Amino acid sequence: QVHLVESGGDLVQPGGSLKLSCEVFGIFVTMDGMGWYRQAPGKARELVARIMKDDTLYYVDSVLGRFTISRDNTKRRVYLQMNSLRLEDTADYYCNVQAAPSLNQPLETYWGQGTQVTVSS
């Protein structure tokens, strides 16, 4: 069974930086998209950034130029470097991975348990 473990969430002042990390555990034969979502209190979960197997990138407009997503397939990790953090970046951040458990199975979507990022002065 594939499962994800996030780390790196913390309390940070506006303008500060954090780096989130997500490690993928379990057995799978291929992994495609790896991404980060976030959910602020009272709001819907939104896709923040995604990196595909071919390194195609996506960022939501609000984080362009401030956040950088990267992946290390050898270490089974995906990272989110967050700079120039704003109050509105406060949310629970969730790792999301698409992986196929075996050759005969399609890609499935897996979620981490979330890590809290609080931006406050």
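Going by the structure above, here's the rest.
Residues numbered from 1 in each chain as written. Predicted model: local features only at pLDDT ≥ 70, side-chain atom pairs only at ≥ 80, totals over all residues. Heavy atoms only, no water.

J.: Tell me about the pairing of strand 3 (residues 18-25), residues and numbers included.
T.: With 5 bridges joining them, strand 1 (residues 3-7) and strand 3 adopt antiparallel strand pairing. Note that in strand 3 the partner of H3 across the bridge is F25. Across 6 bridges, the pairing between strand 3 and strand 8 (residues 77-82) is antiparallel. Each residue of the ladder has a partner; that of K19, found in strand 8, is Q81. (Pairing = 2+ DSSP bridges. Helix = DSSP H or I, 4+ residues; strand = E, 2+ residues; numbered from the N terminus.)

J.: Explain the nonpolar core residue by residue, including any values.
T.: In summary, soluble globular proteins display a tendency toward joint burial of nonpolar side chains. Core analysis: the largest hydrophobic core is formed by 32 residues, its most contacted members being W36, L80, M82 and Y93. Every element with two or more residues in this core is listed here: strand 3, strand 4 (30-39), strand 5 (46-51), strand 7 (67-72), strand 8, strand 9 (91-100) and strand 11 (115-119). Looking at this core element by element, the count peaks at 5 residues for strand 9. In this structure M82 touches G16, S17, L18, L20, R66, F67, Y93 and V117, once residues within four positions along its chain are discounted. (Core = buried A, V, L, I, M, F, W, Y, C linked by side-chain atoms within 4.5 Å. Buried < 20%, exposed > 50% of the residue type's maximum accessible area, 1.4 Å probe, protein only. Contact = heavy atoms within 4.5 Å.)

J.: Got a sec to walk through the pairing of strand 5? Specific residues and values, please.
T.: As defined by bridge partners, strand 4 adjoins strand 5 across 5 bridges and the pair is classed as antiparallel. Counterpart to G35 in the pairing with strand 5 is R50. Between strand 4 and strand 5, which pair antiparallel and follow one another directly, the connecting turn spans 6 residues, one of which, G42, has a positive phi of 80°. Sheet topology note: the strand 5/strand 6 (residues 57-59) ladder contains 3 bridges and is antiparallel. Looking at strand 6, one finds that A49 is bridged to Y59. Hairpin remark: strand 5 followed by strand 6, antiparallel, with 5 residues in the connecting loop; positive phi at D55, about 70°.

J.: Quick one: what's the story with the sheet that holds strand 3, residue by residue and with numbers?
T.: Spatially, 4 strands are ordered 1-3-8-7 in an open sheet, and the strand pairing comes out antiparallel. The outermost strands of the open sheet, each flanked by one partner alone, are strand 1 and strand 7. On average, each strand axis in the sheet is tilted by 15° relative to the strand beside it, whichever way the strands run. Here strand 7 pairs with strand 8 via 6 bridges, running antiparallel. For I69, the partnering residue across the bridge sits in strand 8 and is L80. (Axes fitted to C-alpha atoms, helices over the stretch in contact; angles between N-to-C directions.)

Shape descriptors only; they carry no functional weight alone.
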